[in-house]
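Here is how the chains run, residue by residue.
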Amino acid sequence: MTTTLFTPLKLKNGFEIKNRFMKAATSETLGSADNRPTPPLNNLYRTWAKGGTGLIITGNVMVDDTAKGEFGNVVVEDDRDLRALKNWASSVTDNDGAIFMQLNHPGKQSPRTMSKTPVAPSVVPMEGSNAFAFNNPRALNRSEIKDIIQKFINAAVVAQKAGFSGVEIHAAHGYLLNQFLSPHDNRRVDEYGGSLENRMRILEEIYLGMREKVGADFPIALKINSSDLSADGFSEADSIKVIQKMDQLGIDLIEISGGNYENPLVQGIGKGAFFIDYAKKIKQMIDAPIAVTGGFSTAEGMENAIDSDGTDIVGLARPLVMMPDIPNLMKAGRFHKIDLHYLSTGLKPLDKKVGSLVGLSFYQQQMDRTAHGKSTQRDTENAWGALGFSFKRQGLSALIPQRG
Ligand SMILES: Cc1cc2nc3c(=O)[nH]c(=O)nc-3n(C[C@H](O)[C@H](O)[C@H](O)COP(=O)(O)O)c2cc1C
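About the criteria used
Residues numbered from 1 in each chain as written. Predicted model: local features only at pLDDT ≥ 70, side-chain atom pairs only at ≥ 80, totals over all residues. Heavy atoms only, no water. Helix = DSSP H or I, 4+ residues; strand = E, 2+ residues; numbered from the N terminus. Expected span 1.5 Å × (residues − 1). Buried < 20%, exposed > 50% of the residue type's maximum accessible area, 1.4 Å probe, protein only. Contact = heavy atoms within 4.5 Å. Near = heavy atom within 4 Å. Polar contact = N/O pair within 3.5 Å; in protein donor to acceptor, adjacent residues only side chain to side chain. Areas by Shrake-Rupley, 256 points an atom, 1.4 Å probe, with all protein chains shown as cover. Salt bridge = Lys/Arg side-chain N within 4 Å of Asp/Glu carboxyl O. Axes fitted to C-alpha atoms, helices over the stretch in contact; angles between N-to-C directions. Parallel < 35°, antiparallel > 145°, perpendicular 65-115°, else oblique. Left-handed = near helix turned anticlockwise from the far one by under 90°. Nonpolar A, V, L, I, M, F, W, Y, C, P; charged D, E, K, R; others polar. Phe/Tyr/Trp six-rings, centres within 6.5 Å; stacked < 30°, edge-to-face > 60°. Lys NZ or Arg CZ within 6 Å of the ring centre and 35° of its normal. Pairing = 2+ DSSP bridges. pLDDT = per-residue confidence, 0-100.

### Description of helix 2 (residues 82–93)
Taking 1.5 Å of rise per residue, 12 residues should cover 16 Å, and helix 2 covers 16 Å from first to last C-alpha, within 8% of that figure. For helix 2, the full list of buried residues reads L82, L85, W88, A89, S91 and V92. Along its buried surface, helix 2 packs onto helix 1 (39–50), strand 4 (55–57), strand 5 (61–62), strand 6 (74–75), strand 7 (98–104) and helix 3 (142–161).

Spelled out as structure tokens, the structure:
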């Protein structure tokens, strides 16, 4: 039988995803001022589920209240929001979809508006044009690392209790687990640094700790970079080894992404599926299915990726933010492509300064619109609406970037 985008996928543990579409995580920033889940989240996720996507990954949920990545993050440390989390999960599971909660800790990529002294594997400051937005980190001690591992595990247990279908560990995009994997960021000389085996120890301990608590039937996925795309960061060779090891340990799904927020590949436009060649190679080496995220925009591109066995699942972030019902449209033969636009303020020097900010604000604004029953603004190329949206919610702190 030929596999199509509408062929169900069975994970190793028997968990079935009804088709090959995955909504990749996009931080909704719809949490309350005290970082709790809110009803608009349920509306947004119900819309995605009703749009036909088989697997929906939540925007990153923070596992540690003292370490947040963005304004409006949801934090899960314990049971206090179980009811709200149940509503969030059932907005998808009641509508024939699966929902995985993405779990994250930002490490040093926590902006200075949120963290006076962020924590990291080692004292290596953020770099790049947005570095001014981050305070210098301090190095975690071993008992703090153990605490963070426990926080990831606790959050997974709460997710399971709340009815989420699974969890995804976020080890990509320059956040804490990616920092541990990267020899550039991780200069530790204890058992959490140095060799690759040591640099991935935190990830392994998180995974094994979760598995022990949630059991074999509860899917645990991993989002990981194909490489950091920098000379001394986490390399492709390392990434392959980590994926192989996690596969041996029993991970249920690997989502491949790449780079970090300094690198345009995380958010490029019009370059095609970025990581498909890498994924093809990996697919030959492991048992777990693979999701590739980044750059899909055409029906043909998505179909080809599945037909050519380049990936088991097609991950879509911005396209599904803009068109939440792509799978249904495609089934009806009514989706061909989506155009994502560069937004401009009309002033080139200003665009250069606020471009990365606008990129995120715009998609947050569109998720907020969907969450409130409004249609998305697919034809807009004007950045001012998105900037206005962020200022209205965050005041002047909207000017401080929240990613590297
Ligand atoms: C507004 C926005 C928020 C994002 N938030 C997350 C996140 O919380 N976790 C994550 O793993 N990736 C996040 N991403 C990255 C996407 O999951 C995805 O890897 C990237 O957008 C490339 O996929 P695309 O070309 O389909 O948009 C975000 C992207 C955008 C645009």
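### Overview of the site of the ligand
Around the ligand, the structure places 23 residues, and the nearest of them are A25, S27, Q102, G295 and R318. Backbone polar atom of S27 to a nitrogen atom of the ligand: 2.8 Å apart, as the coordinates give it. Between the ligand and Q102, the relevant distance is 2.7 Å, taken from a nitrogen atom to a side-chain nitrogen or oxygen of the residue. Taken by itself the ligand offers 610 Å² of open surface, and the protein chains cover 99% of this. Elements supplying a minimum of two residues to the shell around the ligand: helix 10 (318–322) and helix 12 (348–371).

### Describing the pattern of salt bridges
Inspection of the entire model under this criterion finds 20 salt bridges. The salt bridge partner of D34 is R36, with a shortest N-O separation of 3.7 Å. Overall, the relative accessible area of 31% leaves R36 in the partly exposed class. Measuring nitrogen to oxygen at the nearest pair gives 2.9 Å for the salt bridge that ties D78 to R80.

### Observations concerning the packing of helix 1 against helix 2
Between helix 1 and helix 2, the shortest axis-to-axis distance is 7 Å and the interhelical angle comes to 15 degrees. Between helix 1 and helix 2, the crossing angle belongs to the class labelled roughly parallel. Judged by the twist between their axes, the crossing of helix 1 over helix 2 is right-handed. For the pair helix 1 and helix 2, contact is made by L41, N42, Y45, R46 and A49 and by N87, W88, S91 and V92, respectively. Looking at the contact of helix 1 with helix 2 residue by residue, the class counts come to 5 nonpolar, 3 polar and 1 charged.

### Topic: the side chain of D81
Mapped onto the secondary structure, D81 falls in the loop between strand 6 and helix 2. Under the relative-accessibility criterion, D81 is labelled buried at 12%. Look past the residues within four positions of D81 in its chain and what remains in contact with it is R36 and P37.

### A short note on the packing of aromatic side chains
Scanning the model with the defined rule gives 6 aromatic pairs in all. Ring centres 5.5 Å apart and planes at 55 degrees place the aromatic pair F6 and F21 in the tilted group. Of the two residues, F6 is situated in the segment before strand 1 (9–10) and F21 in strand 3 (residues 21–23); the sequence distance between them amounts to 15 residues. With relative accessibility at 28%, the residue F6 sits in the partly exposed group. We classify F21 as buried; its relative accessible area is 0%. When the centroid spacing of 5.2 Å and the interplanar angle of 75 degrees are considered together, the rings of F362 and Y363 count as edge-to-face. Each member of the pair, F362 as well as Y363, is classed as buried. Connected via pairs of aromatic rings, a cluster forms that spans Y45, W48, W88 and F164. The ring centre of W48 lies 4.4 Å from the NZ or CZ of K23, which sits over that ring.

### Topic: the pairing of strand 14 (residues 313–316)
Judged by which residues are buried, strand 14 turns out to be covered on both faces: I313 and G315 on one side and V314 and L316 on the other are all buried. Pairing geometry for strand 3 and strand 14, over 3 bridges, is parallel. Its bridge partner lying in strand 14, K23 is registered against L316. When strand 13 (residues 290–293) meets strand 14, the two strands line up parallel, connected through 3 bridges. Paired with T293 across the two strands is G315, which belongs to strand 14.

### As for the environment of D94
Positionally, D94 belongs in the loop between helix 2 and strand 7. Residues D94 and K50, spaced 44 residues apart in sequence, show a C-alpha to C-alpha distance of 9.7 Å.

### Quick look at the confidence of the model for the chain
Averaged over all residues, the pLDDT of the chain is 93; the fraction at 70 or higher stands at 96%. Confidence drops under a pLDDT of 50 for residues 261–267, and excluding neighbours within four residues, the segment shows 23 contacts in the predicted structure.

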